[in-house]
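# Structural characterization, general
Spelled out from the first residue to the last, the chains are:
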Amino acid sequence: MPHFQSDPLDERHDGAKISLPSSKIAFSTDSFVINPLFFPGGDIGKLAICGVVNDLAMCGALPTYLSVAFIIEEGLPIETLGKIVSSMAATARENHVQIVTGDTKVVEKGKGDGLYISVAGIGQIVSKSDVGPKSINPGDVIIVNGDIGRHGISVLAFREGMDFETSIESDCASLLEQVKCLLENNIEVHCMRDLTRGGLAAALGELSQQSGFNFEISEELIPISEPVKSACEIMGFDPVNVACEGRFVCFVPEKDSSKALEIMSTFSSTGFNPAKIGKVDSQTQKLVKIANKIGTQRIMEIPYGELLPRIC
Ligand code: MG
């Protein structure tokens, strides 16, 4: 309560009474079970707020209200909870979103794993046209906003106590400002999807299925840092399957693609600029084809099963 201040919450009633900014809203929910609770580049609290903010942003919406629920295992130090909750409050403030309702449950020792957090949020849709898989058109350029795979590799390496020469930090971040900037500059955004569980391969595979079109991707255009590349080689992962928490793919018509890249570049903080990685094809087998340097094509599959458990 002291961390999450908002008028609806301060009323301490059974539910938050809120006014919706418009009748066009997006509504999303997600649960977070990441282990460990603190990792290089973030913590479960920042991850939880950014996760829902990003899902709303992907719908072309500005988040307005959030609900949060905590399932706490008996014995979790109150100091640890305090740190996480204050990180959530700070992330919510940065994203101009209010936490208006919530719940806390405690389960017996051994019946939980430290802390699980569920967040739901609603946001005002501000995009002029419909942003979603059904708006993807043949000829659309596919842009990724930065280097992929850092979140998954960072959490795994930290959890397993693996030491790589350069430490890899999670990409955990809000995508709201860059999405806002794209929309405010009248970029005709057809679709966006954040690269969370299953990484780039899952996002593209699902969108190809949902849009009904093939995608053609060039492997060498996908930005991947050297440390992530070598960590993936050592651990036997394909970087396209590794989760990110601050990366998304954006589908725009060719005419807007350079301007979109330029806008997204102003948000890159890692030295890896956004990149055009491929195009939407008019063929309708719903396949994602990825070509390597010498032009050999293979099919990029949606990763099935849990490649990296407890990553988000
Ligand atoms: Mg998402």
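Anyway, here's the lowdown on the structure attached to this text. (Residues numbered from 1 in each chain as written. Predicted model: local features only at pLDDT ≥ 70, side-chain atom pairs only at ≥ 80, totals over all residues. Heavy atoms only, no water.)

## Details of the nonpolar core
Among the nonpolar cores identified, the biggest contains 94 residues, and Phe70, Leu115, Leu200, Leu204, Phe215 and Phe251 are the most heavily contacted of them. A per-element tally of this core places helix α2 (residues 44–58) first, with nine residues. For this core, the two domains that each supply at least three residues are domain 1 (7–125) and domain 2 (133–299). Apart from residues no more than four positions distant in its own chain, Leu115 is found in contact with Phe32, Leu37, Ile44, Phe70, Ile71, Ile72, Leu76, Leu81 and Ile84. (Core = buried A, V, L, I, M, F, W, Y, C linked by side-chain atoms within 4.5 Å. Buried < 20%, exposed > 50% of the residue type's maximum accessible area, 1.4 Å probe, protein only. Helix = DSSP H or I, 4+ residues; strand = E, 2+ residues; numbered from the N terminus. Domains from an automatic or database assignment. Contact = heavy atoms within 4.5 Å.)

## Thoughts on the coordination of the magnesium ion
Coordination angles at a metal have ideal targets, namely 109.5 degrees for four tetrahedral donors and 90 or 180 degrees for six octahedral donors. Every protein donor of the magnesium ion is listed here as Asp55 (OD) and Asp194 (OD), and their distances to the metal cover 2.1 Å. Of this pair, Asp55 sits in helix α2 while Asp194 sits in strand β8 (residues 191–194), placing them 139 residues apart in sequence. A residue is classified by how much of its surface remains accessible, and Asp194, at 9% relative accessible area, is buried. (Donors = N, O, S within 2.8 Å, 3.2 Å for Na, K, Ca; no water.)

## Some thoughts on a nonpolar patch on the surface
Taken together, the side chains of Ile18, Leu20 and Ile25 make up a nonpolar region of the molecular surface, amounting to roughly 220 Å² of accessible area. With respect to the element layout, Leu20 can be found in the loop between α1 (7–10) and β1 (25–32). The class for Leu20 is partly exposed, based on a relative accessible area of 45%. (Patch = residues over 30% accessible without salt bridge, like charges linked within 9 Å, V, L, I, M, F, W, Y side chains within 5 Å. Areas by Shrake-Rupley, 256 points an atom, 1.4 Å probe, with all protein chains shown as cover. Salt bridge = Lys/Arg side-chain N within 4 Å of Asp/Glu carboxyl O.)

## So, the side chain of Thr80
Examined against the element boundaries, Thr80 turns out to sit in helix α3 (residues 78–94). Here Thr80 falls in the buried class, since its relative accessible area comes to 19%. The residues contacting Thr80, other than those within four sequence positions of it, are Leu37 and Phe38.

## A short note on the sheet that holds strand β12 (residues 288–291)
Backbone hydrogen bonds are what pair the strands of a sheet, in a parallel or an antiparallel way. Pairing in this open sheet of seven strands is mixed, and the strands run β8-β10-β7-β11-β9-β12-β13 from one edge to the other. At either margin of the open sheet sits one strand with a lone partner, and together these are β8 and β13 (297–299). Strand after strand, the sheet turns through a mean of 25 degrees between neighbouring axes, direction not considered. Bridging between β8 and strand β10 (residues 248–252) involves four bridges; their strand directions are antiparallel. Each residue of the ladder has a partner; that of Arg193, found in β10, is Val249. Contacting β7 (141–144), β8, β9 (215–218), β10, β11 (275–280) and β12, helix α6 (residues 199–211) runs over the sheet at an angle of about 145 degrees to β8. (Pairing = 2+ DSSP bridges. Axes fitted to C-alpha atoms, helices over the stretch in contact; angles between N-to-C directions.)

## Examining the pattern of salt bridges
Using the criterion set out here, one finds 14 salt bridges in the structure. Notably, a salt bridge pairs Lys180 with Glu177, separated by 3.6 Å at the nearest N-O pair. Here the residue Lys180 and the residue Glu177 both occupy positions in helix α5 (residues 176–184), the gap between them amounting to three residues, near one helical turn. Using a relative accessible area of 22% as the deciding quantity, one classes Lys180 as partly exposed. Using a relative accessible area of 37% as the deciding quantity, one classes Glu177 as partly exposed. Note that Lys255 is salt-bridged to Glu188, the shortest N-O span being 3.0 Å. Taken together, the residues span a long stretch of sequence, with Lys255 in helix α8 (residues 254–265) and Glu188 in the loop between α5 and β8 at a distance of 67 residues. Look at Lys255 and you get exposed, because its relative accessible area is 62%. On the accessibility criterion, Glu188 (33% relative accessible area) is partly exposed. Each of Asp147, Arg150 and Arg247 takes part in salt bridges that share partners, so that together they form one network.

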